[in-house]
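Secondary and tertiary structure notes
Chain residues, written in single-letter form:
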Amino acid sequence: MGVLDIVVTVGLIAVLLRALVRRGPTPGPLLLAVVFGGLGLWRGFGPGPGWLLWPAVVLLTVTAVDVVIAARLFARMPRTESGPVKAELLADCRSDDGRQQLTLAVAPGGAVMMDGVWRDTARRDAVMLTGDCPVCLVEEVTAELAGPDSKALAAYRRDRDAGTNRLIVLRRRGDGWAADLEPVRASPRPFRPVGCPVHG
Ligand SMILES: [Zn+2]
């Protein structure tokens with residue numbers, strides 16, 4: 001087994017493990033998956049060891065499934081203006097039987113992710129805003145619930161300016177809400193809105 005086959009094997013296994021642990025295609029891993037999957041097929045079918053075909057086929061299949069799932073989610077995602085989404089979120093968060101926890105994030109493609117936890121259900125929602133800035137929506141809802149001077153909000157803005165995207169996790173605390181930051185699992189690169197005077 002030559003040096004190239006060792007490199008392809010190590011790369012294939014590393015990218016495959018990453019693809020299985022962190023589901024969802026983001027541009028970097030997608031390119032790596034295609035490159036190492038392609039190298040694995042070439043070595044496996046051709047001059048390298050035949051068993052390289054198996055991890056290559058699994059990697060390319062997992063990657064293709066992730067791309068199809070992401071494309072379907074994107075196609076089905078509701079498209080709406082910022083105002084009604086904000087009003088609905090705040091009304092729910094301020095009602096007694098509304099969300100107990102709300103996780104807000106702007107995905108690398110610009111969708112607003114809004115994971116909610118109620119008393120006995122949990123649901124993942126996402127919307128694509130038509131024209132309005134998704135980062136403004138996330139910051140406005142956080143400021144309304146946790147207060148405009150929330151430390152998490154200031155840290156979110158600072159990290160975002162420095163090039164790192166974050167999740168904002170809002171939880172009910174007493175009569176109000178408290179905000180914490182968590183790392184994003186997929187691509188940490190923040191979305192750059194077009195035409196927003198604050199975030200553009
Ligand atoms: Zn904005």
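Here the structure is a predicted model, which is why all the values come from computation and not from measurement. Note that residues are indexed from 1 along each chain, following the sequence as it is written. The model is predicted, so local features are restricted to residues of pLDDT at least 70 and side-chain atom pairs to those at 80 or more, both for listing and for counting; the totals for chains, interfaces and linings are taken over all residues. Excluded from the side-chain calculation are hydrogens and water; included are all heavy atoms of the structure.

Moving on, we get to the domain arrangement of the protein. Assigned domains of the protein: these are domain 1 (3–76) and domain 2 (80–183). Look at where the C-alpha atoms of domain 1 and domain 2 centre, and you get two points 34 Å apart. Segment limits for the domains were obtained from an automatic or database-derived domain assignment.

Moving on, we come to helix H3 (residues 53–76). Given a rise of 1.5 Å per residue, 24 residues ought to cover 34 Å, and the 34 Å separating the end C-alpha atoms of H3 matches this to within 8%. Three labels apply to residues, based on accessible area from a 1.4 Å probe with only protein chains included: buried if under 20% of the type maximum, exposed if over 50%, partly exposed otherwise in between. Numbering of helices and strands starts at the N terminus; helices are DSSP runs of H or I of at least 4 residues and strands are runs of E of at least 2. Residues of H3 that are buried: Leu53, Pro55, Ala56, Leu59, Val62, Thr63 and Asp66. By this rule, a helix spans an expected 1.5 Å times one less than how many residues it contains.

Bringing the packing of helix H4 (residues 82–93) against helix H5 (residues 134–146) into the picture now. Working convention: axes come from line fits to C-alpha atoms, limited for helices to the stretch in contact. Angles between N-to-C directions cover 0 to 180 degrees. Interhelical geometry of H4 versus H5 gives an angle of 30° and a closest axis separation of 11 Å. Classified by the angle between their axes, H4 and H5 sit roughly parallel to one another. By crossing handedness, the relation of H4 to H5 is classed as right-handed. Residues Ser82, Val85, Lys86, Leu89, Leu90 and Cys93 of H4 form the contact with H5, whose own contacting residues are Leu137, Glu140, Val141, Glu144 and Leu145. Residues are sorted three ways: Asp, Glu, Lys and Arg are charged, Ala, Val, Leu, Ile, Met, Phe, Trp, Tyr, Cys and Pro are nonpolar, and all the rest, Gly among them, are polar. In terms of residue class, the contact of H4 with H5 is built from 7 nonpolar, 1 polar and 3 charged. Orientation categories follow fixed angle ranges, with anything under 35 degrees roughly parallel, anything over 145 roughly antiparallel, 65 to 115 roughly perpendicular, and all other angles oblique. By convention, the crossing between two helices is left-handed when the near helix turns anticlockwise from the far helix through less than a right angle, and right-handed when the turn is clockwise. Every residue pair with non-hydrogen atoms within 4.5 Å of one another is taken to be in contact.

Here alanine 146 is to be found in helix H5. Judged by relative accessible area, alanine 146 falls into the partly exposed class, the value being 22%. Expressed as a C-alpha distance, the spacing of alanine 146 and leucine 89, which sit 57 residues apart in the sequence, is 14 Å.

Let's shift gears to the packing of aromatic side chains. Aromatic rings from Phe, Tyr and Trp, with only the six-membered ring used for Trp, were paired whenever their centres fell within 6.5 Å, and each pair was classed as stacked if the ring planes differed by under 30 degrees, edge-to-face if by over 60, and tilted otherwise. Per the counting criterion, the structure on display carries 0 aromatic pairs. Between arginine 43 and the ring centre of tryptophan 42, over which it is positioned, the NZ or CZ distance is 4.7 Å. We call a charge positioned over a ring when the NZ of a Lys or the CZ of an Arg lies within 6 Å of the ring centre and within 35 degrees of the ring normal. A cation over a ring is seen here: arginine 79 above phenylalanine 74, with NZ or CZ 4.8 Å from the ring centre.

For the rest of this paragraph, the subject is the packing of H5 against helix H6 (residues 151–161). Interaxial distance between H5 and H6 falls to 10 Å at its minimum, and their mutual angle equals 160°. Classified by the angle between their axes, H5 and H6 sit roughly antiparallel to one another. The two elements H5 and H6 meet at a crossing, and its hand is left-handed. Side by side, H5 and H6 meet where Val135, Val138, Glu139, Thr142 and Ala143 of the first sit next to Leu153, Tyr156, Arg157 and Arg160 of the second. Looking at the contact of H5 with H6, its residues break down into 5 nonpolar, 1 polar and 3 charged.

As used in these notes, a disulfide is a covalent bond between sulfur atoms, one from each of two cysteines. To count as a disulfide, a pair of cysteine sulfur atoms needs to be within 2.5 Å. All chains considered together, the criterion is met by 0 disulfides. In this model cysteine 93 remains outside any disulfide bridge; the closest cysteine sulfur is found in cysteine 136, 19 Å from its own. Look at cysteine 136 and you get buried, because its relative accessible area is 18%.

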